[in-house]
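Take a look at the letters that make up each chain.
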Amino acid sequence: MEIAKRVIYRYHTENKNVAYGEFKFGPLFVRLCYELGLEELAAALIKDQPLRGFFSDSTSFNITMDMLFVKGQYNSALEIFLEMKNQGVKLSKDTYILVTAVCYKLNTPECQRICSALLDEMQTKGDALPRRAYLFAVALALKQGEITKALSVYSRIINTDGKICHNVYILLLAMSEKLEDLMEVLETSVEANTSQFVKKPEICKDVLSVVEKKLEAHPLLQKKFEAVYNNLNAAGQIAAVTLDDLLCRTPYSKKHSYLLPPQRKLSRRTYKPLHSTLMTE
């Protein structure tokens, strides 16, 4: 790795004013750090001012943030995001998911401010955040006690199907004291998808614990909840994982079959035509 570092510094010093074309060297080095578990080295080089411009792509920053997030180094991951903004690197959809996840984990007023600023920025541009980013933002707002903000953010989600959305919505109803609506959703969860071939909605045990606590001052609703809880348990609809586990689980990628791309005729690095001298002889 020391050799690789020296090569990077020398290459950037000698070629910082030369366009690389489409090819980016930063992700190669960061992926090597990922494979070797050297997240601190990757973070240090990305923030190193003499290398400013070498990591000019969102991929390098995203991989570094992901490494730090997995290792639980959330403050360092947030520093990488702030450095990304400082260097003017364009944010990708993965960036929004990662930074909202980091803010959710740190759970501070400053993180809530950062998260809200990102949401407002995207709304101003007319772009939609990835659904997971919205869900992290909702969960963070609930942790910070900003119920109105959480309701507002959740309302921006277009497709609310799926286990995570279902659990977040139940938690949102409980925290916002919409108890009648909450019980209706829980009862519907028990009755939904009676066919054995359709997977029934699962509710996290920690979410149900929050619901139970909210209903302590309402004996009639609490009695109804106990019946619903027993039915959910009997039907195997109480998930062993926590809502935090669901939120932080790596999303599954949907595999699609694609046609092979057309043969490249220009170099990614120089933009010059690819021409084999062997074929001309």
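Look above for the structure.
Procedures and definitions
- Residues numbered from 1 in each chain as written.
- Predicted model: local features only at pLDDT ≥ 70, side-chain atom pairs only at ≥ 80, totals over all residues.
- Heavy atoms only, no water.
- Helix = DSSP H or I, 4+ residues; strand = E, 2+ residues; numbered from the N terminus.
- Buried < 20%, exposed > 50% of the residue type's maximum accessible area, 1.4 Å probe, protein only.
- Contact = heavy atoms within 4.5 Å.
- Areas by Shrake-Rupley, 256 points an atom, 1.4 Å probe, with all protein chains shown as cover.
- Axes fitted to C-alpha atoms, helices over the stretch in contact; angles between N-to-C directions.
- Parallel < 35°, antiparallel > 145°, perpendicular 65-115°, else oblique.
- Left-handed = near helix turned anticlockwise from the far one by under 90°.
- Nonpolar A, V, L, I, M, F, W, Y, C, P; charged D, E, K, R; others polar.
- Core = buried A, V, L, I, M, F, W, Y, C linked by side-chain atoms within 4.5 Å.
- Phe/Tyr/Trp six-rings, centres within 6.5 Å; stacked < 30°, edge-to-face > 60°.
- Lys NZ or Arg CZ within 6 Å of the ring centre and 35° of its normal.
- Expected span 1.5 Å × (residues − 1).
- Salt bridge = Lys/Arg side-chain N within 4 Å of Asp/Glu carboxyl O.

Chemist: I'm lost on the overall build of the protein chain in this one. Help?
Modeler: When you go through the protein chain residue by residue, the secondary structure sums to 15 helices and 2 strands. When the 281 residues of the protein chain are sorted by exposure, 39% land in the buried category. Relative to all contacts within the protein chain whose residues are 6 or more apart in sequence, the contacts with residues 24 or more apart total 70%. On the protein chain, roughly 16800 Å² of surface is accessible, and the fraction owed to carbon and sulfur atoms is 53%.

Chemist: Can you help me understand the packing of helix α8 (residues 131–143) against helix α10 (residues 163–175) in this one?
Modeler: In a packed pair of helices, the relevant descriptors are the angle between the two axes and the axis-to-axis distance. It is the contact of α8 with α10, at a shortest axis distance of 11 Å, that shows an interaxial angle of 25°. One element, α8, and the other, α10, form an angle in the roughly parallel class. Helix-helix and strand crossings are classified by hand; for α8 and α10 the assignment is left-handed. Judged by residue contacts, R131, R132, L135, V138 and L142 of α8 engage I164, C165, V168, L171, L172 and M175 from α10. Here the contact of α8 with α10 is composed, by residue class, of 9 nonpolar, no polar and 2 charged.

Chemist: Any chance you could explain the nonpolar core here in plain terms?
Modeler: Within soluble globular proteins, side chains that are nonpolar tend to cluster in buried spots. Grouped together as the largest cluster of nonpolar side chains are 81 residues, with contacts concentrated most on F55, L78 and L186. If one sorts the elements of this core by residue count, α8 sits on top with 10 residues. When residues no more than four places from it in sequence are discounted, the contact partners of F55 are G26, F29, V30, L45, I46, S60, F61, Q87 and V89.

Chemist: When you look at the packing of aromatic side chains in this model, what are you seeing that I'm missing?
Modeler: This structure, assessed with the given rule, holds 4 aromatic pairs. The interplanar angle of 50° and the centroid separation of 5.5 Å between the aromatic rings of Y104 and F136 together place this pair among those described as tilted. Placement of Y104 in helix α6 (residues 93–106) and of F136 in helix α8 is noted, with a sequence separation of 32 residues between them. Exposure class is identical for Y104 and F136. Each is buried. A cation over a ring is seen here: K143 above Y104, with NZ or CZ 4.0 Å from the ring centre.

Chemist: Could you clarify how one ought to interpret the environment of F25 in this entry?
Modeler: Summarising the element assignment, F25 is placed in the loop between α1 (2–15) and α2 (26–36). Sequence separation between F25 and D57 is 32 residues; the distance between their C-alpha atoms is 9.4 Å.

Chemist: Before we go on, may I ask you to explain helix α7 (residues 109–125) in this structure?
Modeler: In a regular helix each residue adds 1.5 Å, so 17 residues correspond to 24 Å; α7 covers 24 Å between its end C-alpha atoms and thus fits that length. Elements that come into contact with the buried residues of α7 comprise α5 (74–86), α6, α8 and α9 (147–154). Trailing α7 by a residue or two, G126 shows a phi angle of about 85°, which is positive.

Chemist: How do you make sense of the pattern of salt bridges when you look at a structure like this?
Modeler: Where charged atoms of side chains with opposite charge meet at close range, the side chains can pair. In the structure shown here, the tally under the stated rule is 9 salt bridges. One salt bridge in this structure joins K85 and E121, with 3.4 Å as the shortest N-O distance. With K85 in helix α5 and E121 in helix α7, the pair connects residues that are 36 residues apart, well separated along the chain. Overall, E121 belongs to the partly exposed group, its relative accessible area being 25%. Between R113 and E110 there is a salt bridge, with its nearest N and O atoms 2.7 Å apart. In this pair, R113 and E110 are both assigned in helix α7, 3 residues apart and thus about one turn of the helix distant. Taking the relative accessible area as the measure of exposure, R113 reaches 48% and is therefore partly exposed. Beyond isolated ion pairs, a larger network of salt bridges with shared partners links K85, E121 and K125.

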